[in-house]
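Here is how the chains run, residue by residue.
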Amino acid sequence: MAPSARKKKWLISTAFVCGGAVALILLWDWNWFRPLVASQLSQALGRNVSLTHFNLHPGRITSVELEGVRVAQPDGFPMPPSSDGKQSGQQNTENEFARIEHLEIEVDVLRYLQEHLIAIPRIALTKPAFHLIRTEDNRNNWTFPSGKNEDKSDADTHKRASPEIGTLHIEGGSILFQDAPLKADVSITLATGSDSTGKNALIAEAKGSYAGQPMTGGLVAGDVLTLRQDHTVYPLSLHLENGPTKGSLRGTIADPLHFAGADLTLTLKGADMAALYPLTGIPIPQTPPYDIEGHMTYAEQRIRFENFTGHVGSSDLNGSIIVAPSGARPVVTADLHSRKVDLDDLGGFIGSTPGKTTTPGQTLEQKREVAKAEASPQLFPTRPINIPKLKAADIHLRYKSQSILGRSMPLDNVAVVMDIVDGRIQLHPLSFGIGNGDVTSTINLSPDGNTIDADASIAFHKISLQRLLKSVSGFTGGGQIGGEASIKTKGNSIAAMLGHGDGYLRLTMGHGGNISALLVNLSGLQFGNAVLSALGIPSKAQIRCMIADYTLQQGVMDTRLFAIDTTESDIRGTGKINLRTETLDYAIRTEANHFTIGSLPTPINIGGTFKNPSITPGAELGVRAGAAIGLGILFPPLALLPTIQTGIGSVDDCKGLVARHTKRK
């Protein structure tokens, strides 16, 4: 046969084979591979996967179609009851993790061959339904054998290894999320459509319960365009209501798969910041109603909530919070400040009920709790400290307030540096400014089982008596108070720790004070001048020295020395102050430094409780005071001088008082 004839025959044969191959590909029933595809998917996911139909459309952009996809729950995984107590399965009538009526995936084969890159121009899902479950023992059904965490130390490698996803189309999607530890039972509908501007968007709506509270929410996010399109930003609008908590997140994200390049505004509003714990995993004490708004970003595996402003109760709150969520516990770094703070708003930090009856925005329940706390005969907070929550996150807090609200409050400002690491709390320091002086404390709290070991040192430094009494009435005297205190104790509440503490309190004051103003103002006596007269103290007697020295044993403060030396008389105090029972058993007696007609060393007895104290004049005092006081009249007691400080300077003014006291001993 001639070469030309052989060549012609070979070409005809090749064309016939190629045509047959093309025809075979076009006419091939790819559904024959359905069992193989299901088997491969089952092996990859580690659970049974079934299909009702499989089809393939070859080409440079190859389309893979799956119909009737069913993904089973892990073997032996229980189905939790729904919120109405019935077995769940509103979207999945069988024990299934997921079902998808129709799934189509387009793959760019040429990109893979040329660049070894998985490029998926389009994903389309029709009626996908997922049932996400986490049980009480912390097992979940969304962790797959192939879903191990990747090394996130190299962000570029992680991004290159991720597939490029183009458009995502979802029709009639739904998710049922049930999480026993979070007390969540939420139904979510999701689909793709057009946002308010007519652009493609992912739209989701949620309804159910979270943390035992009713929850609703909505999401509108930009279409997930291919990640290789640089400088593309994705709009995001999220709103959420969980019980009394309301939140919104609006802005753009440059890389939604890795939450990178976020430029978002976060707004939070609610009745109590403690309710944010289930949403954030960050333990926050009880607070009054709050509203805050700030700028939120994500970079270097840290969530940043910066330059936020807002209010908590009657106080303003501003600053920045950085959260590093990876690791055994999230690490929270907060730098906060206020122009003005109401200390009642911070009550939750010591276990008391925050706010007061006049705090704006309170719920009826909060008002009842505040009224109950104010009516309680106990002063010290008895609420147990939640030790597990202390270990939920490591927290580094810096806080300052320029001023403190309240006309009757002698404190001018507050500053605190607090670190919580593995449940151990350090305040170093907690400082209150009073005039040109301050009260500074260093406190260490360490969990020990169900209780906390506490060790606190407190120092008073040059506390102005005039500033201390300015808020009470027109005090014109001077004088500075200094001293120190220490307490070591153990307990599970502030009341328990104070009631079992051991330590001491020492205070001193030098020349310049006004004793009549001191007694009248600190005690709040309506008949102060009559009482001063009964004690034999003339008006405007000047203080030369004050010394107060107390021991503390198992919550009981016992007087070692309490003495005030004035130009006219000596005043001495004796008795006990019981921190465990919050009761007073004290007496104050005056002795003239020189002869005064009618002067008798009659004591004033101070008793009652810290919240309902009384001054009961003795019989002799009642007679001398006459009708101005009257027998049996109870007066508010002398207010306890503030705690501690490092000194007042010269102690020369106190030498005479110490010498006289030594002689009496």
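- By the naming in an unreviewed UniProt entry, the protein is AsmA family protein, taken from Granulibacter bethesdensis.

**Observations concerning the pattern of salt bridges**
- Applying the stated criterion to the full structure yields 21 salt bridges.
- Asp316 serves as the salt-bridge partner of Arg339, at 3.9 Å between the closest nitrogen and oxygen. Separated by 23 residues along the polypeptide, Arg339 in strand β17 (residues 331-341) and Asp316 in strand β16 (residues 315-324) bring together distant segments of the chain.
- Classification of Arg339 as partly exposed rests on a relative accessible area of 47%.
- Since its relative accessible area comes to 7%, Asp316 is described here as buried.

**Describing the packing of aromatic side chains**
- Under the definition given, this model contains eight aromatic pairs.
- Between Tyr550 and Tyr586, the ring centres sit 6.4 Å apart and the planes meet at 45°, which makes this aromatic pair tilted. Here the residue Tyr550 occupies a position in strand β26 (residues 542-553), and Tyr586 occupies one in strand β29 (residues 583-592), the gap between them amounting to 36 residues. Accessibility classification places Tyr550 together with Tyr586 in one group, the buried group.
- Its guanidinium or amino end placed over the ring of Phe97, Arg47 lies 5.2 Å from that ring's centre, counting from NZ or CZ.

**Quick look at helix α2 (residues 34-45)**
- Between its first and last C-alpha, α2 extends 16 Å over twelve residues, near the 16 Å set by a 1.5 Å rise per residue.
- Listing the buried residues of α2 in full gives Val37, Ala38 and Ser42. One face of α2 carries all of its buried residues, which in axial projection span an arc of 135°.
- On its buried face, α2 is in contact with β1 (49-50), β2 (53-57) and β3 (61-72).
- Just downstream of α2 lies Gly46, where phi reads positive at about 75°.

**Some points on the pairing of strand β5 (residues 119-134)**
- In this structure, strand β4 (residues 96-108) lies alongside β5, joined through eight bridges in antiparallel fashion. If you follow Ala98 over to β5, its bridge partner there is Phe130.
- Pairing between β5 and strand β6 (residues 164-171): seven bridges, direction parallel. Its bridge partner lying in β6, Ile123 is registered against Leu168.
- Strand direction decides the pairing type here: β5 and strand β7 (residues 173-179), joined by six bridges, are parallel. From the neighbouring strand, Phe130 faces β7, where its bridge partner is Ile175.

**Digging into the pairing of strand β19 (residues 413-421)**
- Here seven bridges tie strand β18 (residues 394-404) to β19, and the two strands are oriented antiparallel to one another. Within the sheet, the bridge partner assigned to Arg398 lies in β19 and is Val417.
- Two elements, β19 and strand β20 (residues 424-434), share eight bridges in a ladder whose sense is antiparallel. Counterpart to Val414 in the pairing with β20 is Phe432.
- Hairpin connection, β19 to β20: the antiparallel pair is bridged by two residues, and Asp422 has positive phi, about 55°.

**Thoughts on a nonpolar patch on the surface**
- Together, Trp32, Phe33 and Leu36 give the surface a local cluster of nonpolar side chains, amounting to about 340 Å² of exposed area.
- Of note, Trp32 is situated in the loop between α1 (3-27) and α2.

**A closer look at the environment of Leu132**
- Tracing the sequence through the fold places Leu132 in strand β5.
- Separated by 53 residues in sequence, Leu132 and Asp185 place their C-alpha atoms 9.9 Å apart.

About the cut-offs
- Residues numbered from 1 in each chain as written.
- Predicted model: local features only at pLDDT ≥ 70, side-chain atom pairs only at ≥ 80, totals over all residues.
- Heavy atoms only, no water.
- Salt bridge = Lys/Arg side-chain N within 4 Å of Asp/Glu carboxyl O.
- Helix = DSSP H or I, 4+ residues; strand = E, 2+ residues; numbered from the N terminus.
- Buried < 20%, exposed > 50% of the residue type's maximum accessible area, 1.4 Å probe, protein only.
- Phe/Tyr/Trp six-rings, centres within 6.5 Å; stacked < 30°, edge-to-face > 60°.
- Lys NZ or Arg CZ within 6 Å of the ring centre and 35° of its normal.
- Expected span 1.5 Å × (residues − 1).
- Arc of directions from axis to C-beta.
- Contact = heavy atoms within 4.5 Å.
- Pairing = 2+ DSSP bridges.
- Patch = residues over 30% accessible without salt bridge, like charges linked within 9 Å, V, L, I, M, F, W, Y side chains within 5 Å.
- Areas by Shrake-Rupley, 256 points an atom, 1.4 Å probe, with all protein chains shown as cover.

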